[in-house]
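# A closer look at the structure
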Amino acid sequence: MPDSLTPPQVTARPVADMAGSNSPEIKIATRDVHVFYGETEAIKGVSLEIQDRTVTAFIGPSGCGKSTFLRCINRMNDTIDICRVTGTIEMDGRDIYTRDIDPVQLRARVGMVFQKPNPFPKSIYDNVSYGPKIHGLAANRRELDAIVEQSLRRAALWEEVKDRLDQPGTGLSGGQQQRLCIARAVATAPEVLLMDEPCSALDPIATAQVEELIYELRENYAVVIVTHSMQQAARVSQKTAYFHLGEVLEYDDTPKIFTNPEHEKTQQYVTGRFG
Amino acid sequence: MTATIDMTAISARHTSAASGARTRQRYWAQIRLQAYGILALTLAAAALVILLWTVVAKTATVLFEDYLVLDVQIDVSNRDLTALNDPDPRINVALNGVVRDGLRAEIGGGDGLGRREVRQLFNLVSTDAGLELGAIVKRSVQEGAPLIGARYRYEALLDDQVQMYLGGLYGRPVDAGSDSALSVTRDGEDTSRAVLSFEGGAFEAAREALRTRRAEQAARAEAEAARQQAAVEATEARIAALGADTDTETVERLRAGLDVYARAREKALENARALMAQASDRTTVHSLSESDPSVLVRVQGGWIKLDALGPDLARGTILAGEPDVVATAPASSWQGWLYETPETNRNISDRQVVWLAEFEREGKIVTKPNWRLLESSDSSNAELAGIWGALVGSFWTMVVTFLLAFPIGVMASIYLEEFAPKNAFTDFIEININNLAAVPSIVFGLLGITVLISGVSLFGVDLFDGLLKAIIEDPRSTPVAGGVVLALMSLPTIIIAGRASIKAVPPSIRDAALGLGASRLQTATHHVLPLAMPGMMTGSIIAMAQALGETAPLIIIGMNSFIQEAPSAPGDKANVLPSLIYIWKNNSERLFDGKTAAAICVLLVFLIAMNALAVLLRKRFERRW
């Protein structure tokens, strides 16, 4: 269990070094990305630039490819045999689909939170410490304890679970489980956090908690969130991309997408007339 | 387009009479189905109960074993003394002489007995009685308190036939009728014979049994006469059918046969008449042969076996003791016994019956729990045989099987589920594994003997040289050989169970691990394998239970041999429990019947325990995601 008497302070990443700088840098740039499932083309040439320290929302009707595209960013699609990706996806200016990039290493830098809370059937502590352990992030037990505490604090879960870190993570409520998954993703010290409909299995109260958390995570990470909820996209994101049948029809600042979209389809979708 | 239809009118059909009939029919069908189900369950339960009852009831006959208490004087020869003082535990001493002297002493010397009777006396105790006494004496010598030269109360294990008799499996003598005074006198000058005179009430039951027997014999003689008559008629018909041109030799031969058949018929008829007369006449004097029921009389401390029995007079031979032959014994001071099974039809002689009756009367026969059954190994003597060696053999075989099959099975299923590319070759392997699970186990035995024992040559090199070759020189097999064959047999089951339990791990767990940057190997070993392990263990335990009860492949590779010692390592010659059951079942000595059932019980206990463990594991580690 974490020795919480004198935990060494771990700073995951410098928080907004360039304080006051209003022009966030580009974290991920994609150019003409196509994704094929066998013969079916699921993504038809998507070019996007995702900014660091920003929440970017992907919205769009079901089956439009937003989740598929999200899974390209950490190469989770590699695990599907029939899936093929073309085009370039660059992170910090380096193509992540070249041979010299190890997908496993990439996934450590690009964390992911899934639609359904999926904690490991292990203790809360083991859930959070698993990533740091396999990537050798902690030099000793004290550091590991500190990482676990920091991550749980960042996921706004510490106060609720600090007395039962040895209890199974599967015993938590749905909202707590999802925050545990976020803590688990944060614990590997990623640079990008991908969230695939993180609130779709949660009740409104848990959703509010997770949304607040996402908003705060923006200070440290480039967050990409796939959501079906217009309100959620409007509440948490600064940038929004509207996906339609495997293409990005519109990508702009969130207020603009919701108040003054350029594309007619976007207008229809965000106002609830289509979708 | 079809014509439009009035749906409202159709709705009315729901309340029609036909609809009501349909409902009733549906209920009826449901009740019928339930009845069939209950019937099937009842039949299955009844079959199980009958099976278990048969096994348990037979086992009950060998749960205890009988000993004869002998007061022996332990005098040993110089050669035996040397062996007794030898600290090497492998040097055994059989003190057969001591045991035999003890037996003679029990019956008062037995000086008048012939060779055959003496052998019957010695055969009362087990062949190993002397050896076991030797072991006791040897232990006493090693412990520094030698019994040599002392008198010792030795409990000698009784022979298997004797134990069967005492257990009532050969029938026991019943009261022949003893409600009269009985006077015993000498039969002339012969001291070994006696004449018994009595009044009505004595030996009534015995004479009744004899009359019944005579009637049965008469019926058999009549049947024989009828058979001869049929032969006569058939021959006559053949002679009549012969043409005039038949040579006289054939006719002569047939006529001679006719005479033989007719004489045999007359003889049988005469015999039947005589027997019938004896059966119906209450005053007849029966003469008793060895194939008649035995009538034994205990009077004045001695035993007389009757060879003639009339309504008020009987003659017999003195079997044991020295009954006071000029005395009249009042009713209830003597007993007459009738043993329905004739002496020639049983494995225990009248003399042995008499000795055992005296031993029982004196309380010299003690019954003890039969730990020998569990503690000793196979023996050709039924009373000495136990299952320990086979149990240890089964244990080593299971160890080898598990060590081979489990790791290979787990690795194969992990590879096939998590790493193997999904292509035609993988499908081909999968189909083959599923088919292997359905292959009769004896085929694996054939595989074992051809591949592992005879060897497979590839480019002139014997692939399995030396592995199991020893079996060719010595047909008895080892747990290593059995374990390899059973591992091959268990592999498909373990792989199928393993793959099923890996499939049952939800993909979200894999996603979570991969999303955190775990490699596929880390995902498999850190998350999938631990979650699938209870299911794999369950499958493996069930496969092990199946292997534990497997007989056919082991018989083929020679694990059904007679082995008197428990193996101390997997490479030793050994036997396994199911093949021991098979050997014992084929044994002619009847005590093995009960021992077979006991071995089956032990096997069942192990199988039930293993299956219970599997269920427990499943319940304990059952997870909901």
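Below or above, wherever it landed, is the structure these notes cover. (Residues numbered from 1 in each chain as written. Chains lettered and ligands numbered in written order. Predicted model: local features only at pLDDT ≥ 70, side-chain atom pairs only at ≥ 80, totals over all residues.)

## Description of the overall build of chain B
Helix and strand counts for chain B come out as 21 helices and 14 strands. By the compact-globule yardstick of 25 Å for 625 residues, chain B is too spread out, its C-alpha radius of gyration being 37 Å. Each of the three principal axes of chain B carries a C-alpha extent, and together these read 110 × 90 × 70 Å. Within chain B, the proportion of its 625 residues that are buried is 36%. In chain B, once contacts between residues fewer than 6 apart in sequence are set aside, the share between residues at least 24 apart is 76%. (Helix = DSSP H or I, 4+ residues; strand = E, 2+ residues; numbered from the N terminus. Rg over C-alpha atoms; globule rule 2.2 N^0.38 Å. Buried ≥ 20, exposed ≤ 12 C-beta atoms within 10 Å, placed from the backbone. Contact = placed C-beta atoms within 7 Å.)

## Looking at the interface of chain A and chain B
Contacts between the two partners involve 21 residues from chain A, matched on the other side by 15 residues from chain B. Put simply, the parts of the chain that give the side of chain A that touches chain B at least two residues each are α2 (103–109), α3 (124–134) and α6 (174–187) of chain A. At four residues, α2(A) tops the list of elements feeding residues into the side of chain A that touches chain B. Along the lines of polarity and charge, the residues of the side of chain A that touches chain B split into 10 nonpolar, seven polar and four charged. (Nonpolar A, V, L, I, M, F, W, Y, C, P; charged D, E, K, R; others polar.)

## Remarks on the sheet that holds strand β1 (residues 64–73) of chain B
Within a beta sheet, neighbouring strands are joined by backbone hydrogen bonds and run either parallel or antiparallel to one another. Residues and elements named next belong to chain B. A sheet is described by the order of its strands in space; here three strands give the open sequence β2-β1-β12, paired in antiparallel fashion. What marks the edges here is a single partner per strand, and that holds for β2 (151–157) and β12 (365–369). Strand-to-strand twist of the sheet, defined as the mean angle between neighbouring strand axes without regard to direction, takes the value 40 degrees. By the bridge criterion, seven bridges tie β1 to β2 in an arrangement that is antiparallel. Looking at the pairing, Tyr-67 lines up with Leu-157 of β2. Against the sheet, helix α4 (residues 96–106) contacts β1 and β2, and its axis sits at roughly 90 degrees relative to β1. (Pairing = 2+ DSSP bridges. Axes fitted to C-alpha atoms, helices over the stretch in contact; angles between N-to-C directions.)

## Things to note about the pairing of strand β8 (residues 302–309) of chain B
In the case of a regular strand, side chains alternate between the two sheet surfaces. All names here are of chain B. In the sheet, strand β6 (residues 286–287) pairs with β8 via two bridges, with the strands oriented antiparallel. Bridge pairing links His-286 to Leu-309 in β8. Pairing between strand β7 (residues 294–299) and β8: four bridges, direction antiparallel. Bridge assignment links Val-297 to a residue of β8, and that residue is Ile-304. Connecting β7 to the next strand, β8, in antiparallel fashion are two residues, including Gln-300 with a positive phi near 50 degrees. Pairing analysis gives six bridges linking β8 to strand β9 (residues 313–320), with the strands arranged antiparallel. Within β9, the position partnered with Ala-308 by the bridge is Arg-315. Linkage of β8 to β9, two consecutive antiparallel strands, is achieved through a turn of three residues.

## Quick notes on the pairing of strand β9 (residues 239–244) of chain A
All names here are of chain A. Among the six residues in β9, five count as buried, and that is most of the element. As paired strands, strand β3 (residues 55–59) and β9 are joined by four bridges and run parallel to one another. Looking at β9, one finds that Phe-58 is bridged to Ala-241. In this structure, β9 lies alongside strand β10 (residues 247–253), joined through six bridges in antiparallel fashion. Within the sheet, the bridge partner assigned to His-244 lies in β10 and is Glu-247.

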